[in-house]
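# A structural walkthrough
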Amino acid sequence: MGKTGPKRTDPPSQKLEIGYVYGYRSYDTRSNLKYNSEGNVVYHTAACGIILNKLKNSQIINTEHNDDITCLDLNVKKNLVVTGEMGKNPIVTVWDALTGKTIQVFSHPKLIKSIAAVAISPSGKYVAAVSMCDDHDIFVFDIPSKSLVTFGKGPKSVVYHI
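Summarised in this report is the structure supplied together with it. On a predicted model such as this, the values are computed, not experimentally measured, just so you know.

About the cut-offs
Residues numbered from 1 in each chain as written. Predicted model: local features only at pLDDT ≥ 70, side-chain atom pairs only at ≥ 80, totals over all residues. Heavy atoms only, no water. Pairing = 2+ DSSP bridges. Helix = DSSP H or I, 4+ residues; strand = E, 2+ residues; numbered from the N terminus. Axes fitted to C-alpha atoms, helices over the stretch in contact; angles between N-to-C directions. Phe/Tyr/Trp six-rings, centres within 6.5 Å; stacked < 30°, edge-to-face > 60°. Buried < 20%, exposed > 50% of the residue type's maximum accessible area, 1.4 Å probe, protein only. Salt bridge = Lys/Arg side-chain N within 4 Å of Asp/Glu carboxyl O. Contact = heavy atoms within 4.5 Å. Polar contact = N/O pair within 3.5 Å; in protein donor to acceptor, adjacent residues only side chain to side chain.

## Concerning the sheet that holds strand S6 (residues 80–85)
- With antiparallel pairing, the four strands of this open sheet are ordered in space as S5-S6-S7-S8. Two strands close off the open sheet at either side, each with one partner strand: strand S5 (69–75) and strand S8 (102–106). Strand-to-strand twist in this sheet, taken as the mean axis angle between neighbours without regard to direction, amounts to 15 degrees.
- Note: S6 against strand S7 (residues 92–96), five bridges, orientation antiparallel. Pairing of Val-81 across the sheet is with Trp-95, part of S7.

What follows is the structure, given as structure tokens:
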């Protein structure tokens, strides 16, 4: 074995970017493929939210999530996408359906055990999320004020759509 040299203490100057994402998560998710106002496909796989331009075969990728995305909803009139992820302390991300840019990220100490379903209100002001905890807690967040509006216990059965 050769010598490895001095240990680096600073991060490398280069950054990695995702150029294209292959795959589609369908085995355990529902209603997770939509079309935005420009006719591009909006979907998710792994921890990426994707906007696919079919004609150019190009993608815009939102990488805000830290774990696999489990649900998605889109408000075409407001060009808003909301995605929820799995994990112990999951986040709910609101992002632009045309640019892929993150608009808001929500989390809460009681929002645990992955997100089962998400929805955006017709006005584009509110986002609802259902956790996969035993009580299937339901959370409603206000996008412009970046705040929790309310939360409470959901049904005992698994929630697939709201």
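## Things to note about the packing of aromatic side chains
- As enumerated under the stated definition, the model contains five aromatic pairs in all.
- Between Tyr-20 and Tyr-22, the aromatic rings sit 4.9 Å apart at their centres with planes inclined by 45 degrees, giving tilted as the arrangement.
- Owing to a relative accessible area of 28%, Tyr-20 belongs among the partly exposed residues under this scheme.
- A relative accessible area of 69% places Tyr-22 in the exposed class.
- Here the aromatic rings of Phe-106 and Phe-141 are separated by 4.5 Å at their centres, their planes lie at 20 degrees, and the arrangement is stacked. On the criterion of sequence distance, the pair formed by Phe-106 in strand S8 and Phe-141 in strand S11 (residues 138–142) is long-range, its members being 35 residues apart.
- Site record: aromatic cluster; members linked through ring pairs are Phe-106, Phe-139, Phe-141 and Phe-151.

## Topic: the pairing of S8
- In the sheet, S7 pairs with S8 via four bridges, with the strands oriented antiparallel. Note that in S8 the partner of Thr-93 across the bridge is Val-105.
- Between S7 and S8, which pair antiparallel one after the other, the connecting turn spans five residues, and Gly-100 there sits at a positive phi close to 80 degrees.

## Some details on the pattern of salt bridges
- If you walk through the whole model with that rule in mind, you get five salt bridges.
- When the shortest N-O distance is used, the salt bridge between Asp-142 and Lys-125 registers 3.6 Å. Placement of the pair is Asp-142 in strand S11 and Lys-125 in the loop between strand S9 (115–120) and strand S10 (126–131), with a sequence separation of 17 residues.
- Given a relative accessible area of 8%, Asp-142 falls into the buried group.

## Describing the side chain of Asn-75
- Its place among the elements puts Asn-75 in strand S5.
- Residue Asn-75 is classed as buried on the basis of its relative accessible area, which comes to 8%.
- Setting aside residues up to four positions removed in sequence, Asn-75 forms contacts with Leu-80, Ile-120, Ser-121, Pro-122, Ser-123 and Gly-124.

## A short note on the side chain of Thr-70
- Tracing the sequence through the fold places Thr-70 in strand S5.
- A distance of 2.6 Å separates a polar atom in the side chain of Thr-70 from the backbone oxygen of Ile-115.
- Ignoring sequence-local partners within four residues, the contact set of Thr-70 consists of Thr-29, His-44, Gly-84, Glu-85, Met-86 and Ile-115.

## Brief notes about the sheet that holds strand S4 (residues 58–62)
- On the basis of which strands lie adjacent, the open sheet formed by four strands has the order S1-S2-S3-S4 and antiparallel pairing. At either margin of the open sheet sits one strand with a lone partner, and together these are strand S1 (33–35) and S4. Averaged over neighbouring strand pairs, the angle between their axes works out to 25 degrees when direction is ignored.
- Here strand S3 (residues 48–53) runs beside S4; their pairing, made up of five bridges, is antiparallel.

All we've got here are geometric facts, nothing functional implied.
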